[in-house]
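What the coordinates show
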Amino acid sequence: MLNPPGSVPRTGIPARLTAQLTMDEQYEWHRSYLRRHRVSRRNFLRGSTAAAMAAGLGAAFGGRGVAYAEDAPLTVGGRRVGYGTDAASQLRFSAQLSRNPGATKVFLDHGPTPALGGTLEAEVRNLVTQLPRTDGGVLSAEQFYVHAPVDGLPGRMPHFYRWRTADGYLGDVLSANTAMPSSRAALLPFRFTMMGDQGIDDTPAQPTGMPAGAYRNKYGEGDAPSSRNAENIQRQIVASNPEFHILAGDICYADTSHGGGPDWFVPNGKADREDIDAYNPFVWDTYLQAIESSAGHVPWMFATGNHDMEAVYGNHGYGGLTARMDFPDNGPAGCPSVYSFTYGNVAVLSLDANEVSWQVRANLGYSGGAQNSWVESTLAAYRSNPDIDFIVCFFHECAYATGIGGASDGGVRGAWADLFDKYRVDLVLQGHNHNFERTDPLRGGQPTKAAPDNSIVYPDTDGTVYYVVGGGGAAHGTFAAGDTYRGNEKPDTFVPESTLWGADGKEGKEAAAWSRVRFSRYSFIRVDVRPGVFSSEMDVVAVDEFGREFDKVTYRRLVSR
């Protein structure tokens, strides 16, 4: 079995086949099905779910709604910002259109002040989704996204922008900052935030007839039926006011494979058999509206998780992502979510753990080794750069974790842990397990010292610390060995038996002497970096959905000369 049940999105392929097919093989299955079931574009669902949001039928996280109707005025919503390859001089602006723009042009007005002054015609990307229906036909949807790159900007300075259409729509003015350049003279402190496995707290408005609760995040053990955990985390991120935010995959869960009832993507919201019509592209609309409160002015940088491999699209299941989002293009060819950027004295690498995972093997080895070669060469370059103190890697499936269900993946550990040791990576940030966990510093898979709450770690000599921060909103998980965190510490944090996924796709067992902090509910991390002349520091603070801190470690490095 390549893919355990529920590990990849349901896209209408019979479950027995999904379990055995790679992502590219699943895409070919869809192409074959569509050749046998032609559909007229007149029957497409078009636009975004934002009409219902604008009407008050599920406005998510204070998101700004746009109208939905084929004959309605063309509007823009779900605004978001990311970095280009050079984060100190490049910003990438994107958003969603309410309908097909036709011949109507869309523009990004931008400039160094709210008066703007520059104009750039946006690229429109048309995303078509087609998947099987329960009646043997094809359910088709069409969405439109706009993208505008802006280069040549000064470092760590605000840049103002608004979206505009040629037929009269004029958005409000927002601003976003470029990154601080990497230089020993750049000594200003800065903050970033991180989590994974977010999802949505509202039922998409499209297609019509969705039952209440369809596609929204399910509830974890002890959650109240009205819990809005993704919204709570989002509010905490907004309140933290980071310079940038990183998300370690499993972004919005556009299907029901992560748990819950039969929330089927059919016109009446019902289905008469399993594993058909489960994927709903309009979940993305709800999600992009939901994160706009932060992503509209703070660069959000994404890695890909197993639920982001969407077989209805090509490019190893990432074709939908590349229509909706922009990623820096300095990674290996064909790996859109593999890239790096720098902010001041910190280098950040986004890796695609889907390619090396032994638990979920739908994309195992798809780059032919190009990603692993890129990881090593990129880590070597950053570690030899005297302007870089800290190296942070983030990805989805976990090298070290003990949460029930996901735990540790031997493929991820085998691919990268030795490289992290070799190039003295400071932090590894993971998702996948829907909880929080932190290890002691590790070298060669073994803890070098105990690092309880409020410890100081010297990564150059102590080793790499691995975090799981998968409590971004999707139903929280649990630990067989129980929680242990500030105010609830166990005298012994040793885990006698935990899962380690093997090369055969089966669960093996291992003891985990390295698990130090475990928190099973919703959380994110807030990272405060203080570049220095003689030494630099980085505080990593774990925060729950209500703003309560429950773990802190300070990382300290001597400055290279």
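Heads up: the structure comes first, above all this text.
Below or above, wherever it landed, is the structure these notes cover. (Residues numbered from 1 in each chain as written. Predicted model: local features only at pLDDT ≥ 70, side-chain atom pairs only at ≥ 80, totals over all residues. Heavy atoms only, no water.)

To continue, consider the overall build of the protein chain. From N to C terminus, the protein chain includes 9 helices and 28 strands. Considering the protein chain as a whole, with its 561 residues, one finds that 63% of them fall into the buried category. Once local pairs closer than 6 in sequence are excluded, the contacts in the protein chain between residues at least 24 apart make up 72%. When the accessible area of the protein chain is evaluated, it comes to approximately 19000 Å², of which 52% is carbon and sulfur surface. (Helix = DSSP H or I, 4+ residues; strand = E, 2+ residues; numbered from the N terminus. Buried < 20%, exposed > 50% of the residue type's maximum accessible area, 1.4 Å probe, protein only. Contact = heavy atoms within 4.5 Å. Areas by Shrake-Rupley, 256 points an atom, 1.4 Å probe, with all protein chains shown as cover.)

What follows is about the packing of aromatic side chains. Tallied over the entire structure, the rule returns 23 aromatic pairs. Geometrically, the ring pair formed by phenylalanine 192 and phenylalanine 244 is stacked, given 4.8 Å between the ring centres and 10° between the ring planes. Placement of the pair is phenylalanine 192 in strand β10 (residues 190-195) and phenylalanine 244 in strand β11 (residues 244-248), with a sequence separation of 52 residues. The same class applies to phenylalanine 192 and to phenylalanine 244, which are both buried. (Phe/Tyr/Trp six-rings, centres within 6.5 Å; stacked < 30°, edge-to-face > 60°.)

Here strand β4 (residues 106-111) runs beside strand β8 (residues 158-165); their pairing, made up of 6 bridges, is antiparallel. Residue phenylalanine 107 lies in a different strand from β8, and its bridge partner there is arginine 164. Pairing of β8 with strand β9 (residues 174-177) involves 4 bridges; the strand directions are antiparallel. Across the sheet, the residue bridging to tyrosine 161 is leucine 174, located in β9. (Pairing = 2+ DSSP bridges.)

Taken together, the side chains of Leu187, Val533 and Phe534 define a hydrophobic patch exposed on the protein surface, amounting to about 310 Å² of accessible area. Along the chain, phenylalanine 534 falls in the loop between β26 (523-530) and β27 (535-544). Phenylalanine 534 gets classed as exposed once you look at its relative accessible area, which sits at 68%. (Patch = residues over 30% accessible without salt bridge, like charges linked within 9 Å, V, L, I, M, F, W, Y side chains within 5 Å. Salt bridge = Lys/Arg side-chain N within 4 Å of Asp/Glu carboxyl O.)

Glancing now at the sheet that holds strand β23 (residues 495-501). Within the open sheet, the 3 strands sit side by side as β16-β23-β24. Their pairing is mixed. In this open sheet, the two edge strands, each paired with only one partner strand, are β16 (408-409) and β24 (507-512). The pairing of β16 with β23 spans 2 bridges and is parallel. Looking at β23, one finds that serine 408 is bridged to leucine 500.

So, to be careful, I would describe these as geometric facts and stop short of saying anything about function.
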